[in-house]
Amino acid sequence: MPRGRPRLGNEESAGYRVHLDVDVLDDALMPAVDHRLPGGLTWPELESVLRIAPADERAVGLDVTIFDPRLDPDATLAARLVECLGRGTGL
């Protein structure tokens, strides 16, 4: 089990929200963000993260931010992001 997962919630906690800034993805994979940085996650790595944190019964929500649709005029990056979110969360 990842080291941080046991700390995400405990018996006293009502739960936690998972917050995903899309700019965590590598710049070459996700240029539709306002703050681009190389060396981020790959799509499979993000899917792996999404299989863990939101899957816990204490997870009460998932926020996805930073994606800028103006930088994705043909919506191909949006479609890839939705595909990744679906595969990662099982939804």
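The coordinates are above.
Residues numbered from 1 in each chain as written. Predicted model: local features only at pLDDT ≥ 70, side-chain atom pairs only at ≥ 80, totals over all residues. Heavy atoms only, no water.

Peer 1: Could you clarify how one ought to interpret the overall build of the protein in this entry?
Peer 2: The helix and strand inventory of the protein stands at two helices and two strands. Helices and strands in the protein line up, N terminus first, as β-α-β-α. For the protein, contacts bridging at least 24 residues in sequence account for 67% of all contacts bridging at least 6. Summed over all atoms, the accessible surface of the protein reaches about 5,900 Å², with 56% contributed by carbon and sulfur. (Helix = DSSP H or I, 4+ residues; strand = E, 2+ residues; numbered from the N terminus. Contact = heavy atoms within 4.5 Å. Areas by Shrake-Rupley, 256 points an atom, 1.4 Å probe, with all protein chains shown as cover.)

Peer 1: Teacher, can you tell me more about the side chain of D72 here?
Peer 2: With respect to the element layout, D72 can be found in the loop between β2 (59–65) and α2 (76–89). Buried within the structure, D72 lacks any salt-bridge partner; R80 is the closest side chain of opposite charge, at an N-O distance of 11 Å. (Buried < 20%, exposed > 50% of the residue type's maximum accessible area, 1.4 Å probe, protein only. Lys, Arg positive; Asp, Glu negative; His and termini not counted. Salt bridge = Lys/Arg side-chain N within 4 Å of Asp/Glu carboxyl O.)

Peer 1: Sorry if this is basic, but what is going on with the nonpolar core here?
Peer 2: Note that soluble globular proteins tend to have their nonpolar side chains buried in a common cluster. Judged by nonpolar contacts, the single largest core of 13 residues is most densely connected at V22, L25, M30, W43, L46 and L81. Listed by contribution, the elements that provide at least two residues to this core are α1 (43–52) and α2. It is α2 that contributes the most residues to this core, four residues altogether. Apart from residues lying up to four places away in sequence, M30 is in contact with V22, L25, W43, F67, L77 and L81. (Core = buried A, V, L, I, M, F, W, Y, C linked by side-chain atoms within 4.5 Å.)

Peer 1: Would you take a moment to explain the packing of α1 against α2 for this structure?
Peer 2: Between two packed helices, what matters for the description is the angle formed by their axes and the separation of those axes. Contact geometry of α1 with α2 gives a least axis separation of 7 Å together with a crossing angle of 40 degrees. In this view, α1 runs oblique relative to α2, as classed from their interaxial angle. With respect to the hand of their crossing, α1 and α2 are arranged in right-handed fashion. For the pair formed by α1 and α2, the contact residues are W43, L46, E47, L50 and R51 on the first element and R80, L81, C84, L85, R87, G88 and T89 on the second. Broken down by class, the residue content of the contact of α1 with α2 amounts to six nonpolar, two polar and four charged. (Axes fitted to C-alpha atoms, helices over the stretch in contact; angles between N-to-C directions. Parallel < 35°, antiparallel > 145°, perpendicular 65-115°, else oblique. Left-handed = near helix turned anticlockwise from the far one by under 90°. Nonpolar A, V, L, I, M, F, W, Y, C, P; charged D, E, K, R; others polar.)

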